[in-house]
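Single-letter residue listing:
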Protein chains: 2
Amino acid sequence: MLPRENRQVLLKTRPAGIPQAEHFEIVSRPLPELAQGELLVRNAYLSVEPAMRGWVNSAANYSTPVGLGEVMRGFSAGEVVASRHPGFEEGDLVMGMLGWQEYALTDGKAIRRKVKERDLPLSLSLGVLGINGITAWFALSEVGEPRPGDTVVVSTAAGAVGSAVGQIAKIAGCRTVGIAGGPAKAQLCVEAFGYDIALDYKSATFERDLAAALPGGADVYYDNTAGAISDAVLQHINKGARIVVCGTASVANWEPWPHGPRVERHLLNKAARMQGFLVWDYEHRYEEAVTRLAGWVRDGRLRYREEIVEGIEQAPGSIASLYRGENHGKRLIQLTHR
Amino acid sequence: MLPRENRQVLLKTRPAGIPQAEHFEIVSRPLPELAQGELLVRNAYLSVEPAMRGWVNSAANYSTPVGLGEVMRGFSAGEVVASRHPGFEEGDLVMGMLGWQEYALTDGKAIRRKVKERDLPLSLSLGVLGINGITAWFALSEVGEPRPGDTVVVSTAAGAVGSAVGQIAKIAGCRTVGIAGGPAKAQLCVEAFGYDIALDYKSATFERDLAAALPGGADVYYDNTAGAISDAVLQHINKGARIVVCGTASVANWEPWPHGPRVERHLLNKAARMQGFLVWDYEHRYEEAVTRLAGWVRDGRLRYREEIVEGIEQAPGSIASLYRGENHGKRLIQLTHR
């Protein structure tokens, strides 16, 4: 029996900066019949990403913003509960741009991958085996290009992406320096994610601690924050350093456009590289990343933390919570128990 | 008969920003005897480079600063007039870090290359066939990676490096947009150096002109200036754009460190790359560049402008003159007529 109603999180008003709970509303809508070529996914988990801020802002971005009144764009993972699509059958586990809603009706284009790792929790397909882990793998290996013996600095080091970056860098034979907000997260970096050193950027001695942690400089800086943290790290980059620009979490608003110390002289003096990363550019290679990551999860070399909250009503306030740094693991909204 | 005396330009005091004439002094010193393994070069031309600002400043840089009382570091080209070095003989033409002086005594390490293009003026070995042309070639081809059909934007487009960049980009099948200071230099860009469009950044309509010149955006930005020009160009970069950071001519002083609009969002949204270039990293490949460049000079596809002034007493004020934008071609100091 297919359900009649589908609860959805819609974008109600457009935020100027970080989206808050009041920018969304939850509605219940009738679920249309499946047409030929369509499938219906029952979402088990909704993912919460820092990048969602950009998806709902009207400022220039890499994608067109979510329209007002539209279902909030987002990754979800779930089970195919009905299919009139030749590529999918009931019981398939899938992950994709299925939106913040209980059920997603799609012609298949929204599906990013079938989840083949049925021995591992489905939730991982949204975190360490999903966009976060995939981002960590491609951004670090293809843009950061770590070499054994390199020192790799990571900001938001305890986060869903950062925690994977640090561990992959260790596997690659690097020394890792994590930067996180507060002593508890710094401790998590070292104890849970194997960072060689972790620093609290909120500490009054942060700049001094950073200098002490980088006696030989930084070869790779995996930047999830921009802002003052990046300005500090840039002063320690080595000749030929690679700076991976993966996120700008510390910048609350791009209107008006924030200013900071110019980067040109650092890049010139060190013949260094600063490069933006968009995981969409690697969509055709996701399996390659997941195969590798799943292997490391299975043999215990890649650890992860999840922070799962229950019920779709938790979704609207969850992005702002991320930006307040309240999460201690990959933030997911759980909708069903399978 | 070898000379007894050698006039030299010494760094007298250390400038905070752009070096002026008063930071140097000209002295005459006795020339020592040649020891075994040494050679003596009579400098015919001294080169004047924007990068010299960095060489005399004490701020963090890619090389140790020139010491007070030392001969000003600089490229020169000349003729070997005596040699007790097995690798050089009288009459060889050479280019190297021979300093701002009439004669350079060296064990050979200061020589960057023997000038083999004896059919072309020796002065070119300091410009279009020297560090400027070599820089243009490697920075554009290895960092900028232009592809046929790309739009390439160049700042200081009429300068010794920029003029070569624009022409090499045309040879590579690109559309070229030059940015220069003043209508005369903009005209030079189009008429002498073949730019498709040239813009005067001093014009009140510069930002509008730039938008109009880039209806399809910029794929490569060859940046010799940093500052407001770069901030404007960054707003027009395309997906996957490459920004070559080759110079920071518009920044008069790095103490205190200047601020500007943050670049991270541009790089992230466009998965773009910003990379510093140091020509020293390509020293082992200079011949590869010069062979190519000389061929294009001979067949008329690579044009150049020189602005040659006579006499070593012109050297001290020449760097400041470059930064005032007074030159209309590669600035050289001529010491001999060969």
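Residues numbered from 1 in each chain as written. Chains lettered and ligands numbered in written order. Predicted model: local features only at pLDDT ≥ 70, side-chain atom pairs only at ≥ 80, totals over all residues. Heavy atoms only, no water.

As recorded in an unreviewed UniProt entry, chain A goes by Enoyl reductase (ER) domain-containing protein and comes from Paraburkholderia unamae.

Draft legend 1. Just the packing of aromatic side chains, in detail. All names here are of chain A. What the rule picks out here adds up to 16 aromatic pairs over all chains. Considering the side-chain rings of Trp55 and Trp280, the 6.2 Å spacing of their centres and the 50° angle between planes classify their relative orientation as tilted. In this pair, Trp55 is assigned in helix H1 (residues 52–56) and Trp280 in the loop between strand E14 (273–276) and helix H8 (286–298), connecting sequence segments 225 residues apart. Residue Trp55 is classed as buried on the basis of its relative accessible area of 2%. (Phe/Tyr/Trp six-rings, centres within 6.5 Å; stacked < 30°, edge-to-face > 60°. Helix = DSSP H or I, 4+ residues; strand = E, 2+ residues; numbered from the N terminus. Buried < 20%, exposed > 50% of the residue type's maximum accessible area, 1.4 Å probe, protein only.)

Draft legend 2. Quick peek at the environment of A:Gly87. All names here are of chain A. Of note, Gly87 is situated in the loop between strand E4 (76–83) and strand E5 (93–96). Relative accessible area serves as the criterion here: at 32%, Gly87 is assigned to the partly exposed category. Along the backbone, Gly87 and Gly108 are 21 residues apart, and their C-alpha atoms lie at a distance of 8.1 Å.

Draft legend 3. Spatial organisation of the environment of B:Pro32. Mapping B:Pro32 onto the fold places it in the loop between strand E2 (24–30) and strand E3 (39–47). Considered as a pair, B:Pro32 and B:Arg73 are 41 residues apart in the sequence and their alpha carbons are 19 Å apart.

Draft legend 4. Broad picture of the nonpolar core. A:Met72, A:Trp100, A:Leu129 and A:Tyr222 are the most contacted members of the largest nonpolar core, which has 75 residues in total. In terms of residue count, helix H2 (residues 131–144) of chain A provides more of this core than any other element does, eight residues in total. Composition of this core by domain shows at least three residues from each of domain 1 (5–126 + 304–334) and domain 2 (131–280) of chain A. Beyond its immediate stretch of four places on either side in the chain, A:Leu129 contacts A:Arg113, A:Glu117, A:Leu120, A:Leu124, A:Ile134, A:Val290, A:Leu293, A:Ala294 and A:Val297. Judged by nonpolar contacts, the second largest core, of 71 residues, contains B:Val66, B:Val128, B:Ala139 and B:Val165. (Core = buried A, V, L, I, M, F, W, Y, C linked by side-chain atoms within 4.5 Å. Domains from an automatic or database assignment. Contact = heavy atoms within 4.5 Å.)

Draft legend 5. Summary view of the sheet that holds strand E12 (residues 237–245) of chain A. Across the sheet, which stays open at both edges, the twelve strands sit in the order E10(A)-E9(A)-E8(A)-E11(A)-E12(A)-E14(A)-E14(B)-E12(B)-E11(B)-E8(B)-E9(B)-E10(B) with mixed pairing between neighbours. Edge positions in the sheet fall to strand E10 (197–200) of chain A together with strand E10 (197–200) of chain B, since each has one partner strand and no second. In this sheet, neighbouring strand axes are inclined to one another by 15° on average, regardless of whether the strands run parallel or antiparallel. Both strand E9 (residues 175–180) of chain A and E10(A) contribute to a ladder of four bridges, which runs parallel. Note that in E10(A) the partner of A:Gly178 across the bridge is A:Ala198. Strand contacts of helix H4 (residues 183–191) of chain A: E9 and E10 of chain A, with the helix running at about 170° to E10(A), the strand carrying the most contacts. (Pairing = 2+ DSSP bridges. Axes fitted to C-alpha atoms, helices over the stretch in contact; angles between N-to-C directions.)

Draft legend 6. Representation of the relation of the copies chain A and chain B within the structure. After a rotation of 180° and a shift along the axis of 0.0 Å, chain A superposes on chain B with an RMSD of 0.0 Å. Both copies are brought into coincidence by an operation consistent with a two-fold rotation axis. Comparing contact sets, 100% of the residues at the interface of chain A also lie at the interface in chain B, consistent with an isologous, same-surface contact. (Least-squares fit on C-alpha atoms with pLDDT ≥ 70 in both.)

Draft legend 7. Examining the interface of chain A and chain B more closely. Listed by partner, the interface residues are 37 residues for chain A and 37 residues for chain B. Of the roughly 3,400 Å² buried where chain A meets chain B, counting both sides, 59% is carbon and sulfur surface. Our count for the contact surface shared by chain A and chain B stands at four salt bridges. The shortest N-O distance in the salt bridge between B:Asp281 and A:Lys239 comes to 2.6 Å. Across the chain A-chain B interface, the total number found is 16 residue pairs in polar contact (both at pLDDT 80 or more). Those elements that place two or more of their residues in the side of chain A that touches chain B are helix H6 (227–234), E12, strand E13 (259–261), helix H7 (264–269) and E14 of chain A. The greatest single-element share of the side of chain A that touches chain B, amounting to six residues, is contributed by H7(A). Here the side of chain A that touches chain B is composed, by residue class, of 17 nonpolar, twelve polar and eight charged. Note: E13(A) against strand E13 (residues 259–261) of chain B, three bridges, orientation antiparallel. By the bridge assignment, A:Gly260 is partnered in E13(B) with B:Gly260. (Buried area = accessible area lost by both parts, 1.4 Å probe. Salt bridge = Lys/Arg side-chain N within 4 Å of Asp/Glu carboxyl O. Polar contact = N/O pair within 3.5 Å; in protein donor to acceptor, adjacent residues only side chain to side chain. Nonpolar A, V, L, I, M, F, W, Y, C, P; charged D, E, K, R; others polar.)

Draft legend 8. Representation of the domain arrangement of chain A in the model. Residue and element names in this part refer to chain A. In terms of domains, chain A is made up of domain 1 (5–126 + 304–334) and domain 2 (131–280). Placing a centre on the C-alpha atoms of domain 1 and another on those of domain 2 gives a separation of 28 Å. In this complex, domain 1 contributes 19 residues to the contact, which on the side of domain 2 involves 17 residues. Interface area, domain 1 with domain 2, both sides summed: about 1,500 Å², of which 60% is carbon and sulfur. The interface formed by domain 1 and domain 2 contains zero salt bridges. If you look at where domain 1 meets domain 2, you find four residue pairs in polar contact (both at pLDDT 80 or more). Here the residues of the side of domain 1 that touches domain 2 are counted per class, giving ten nonpolar, four polar and five charged.

Draft legend 9. Here's a closer look at the pairing of strand E15 (residues 306–310) of chain B. Residues and elements named next belong to chain B. Here E15 runs beside strand E16 (residues 330–334); their pairing, made up of five bridges, is parallel. Opposite Ile308, over in E16, you have Leu332 as the bridge partner. In terms of handedness, the path from E15 via helix H9 (residues 318–323) over to E16 forms a crossover that is right-handed. (Right-handed = clockwise from strand over helix to strand, strands pointing away.)

Draft legend 10. Here's a closer look at the pattern of salt bridges. Residue and element names in this part refer to chain A. In this structure the tally under the stated criterion is 40 salt bridges over all chains. For the salt bridge of Arg285 with Glu288, the shortest nitrogen-to-oxygen distance reads 2.7 Å. Among the ionic contacts, a cluster of salt bridges with common partners joins Arg113, Lys116, Glu117 and Glu287.

Draft legend 11. Looking closely at the environment of A:Glu22. All names here are of chain A. Secondary-structure assignment places Glu22 in the loop between strand E1 (5–11) and strand E2 (24–30). The class of Glu22 is exposed, set by a relative accessible area of 53%. Here the alpha-carbon distance between Glu22 and Gly317, two residues 295 residues apart in the chain, equals 7.8 Å.

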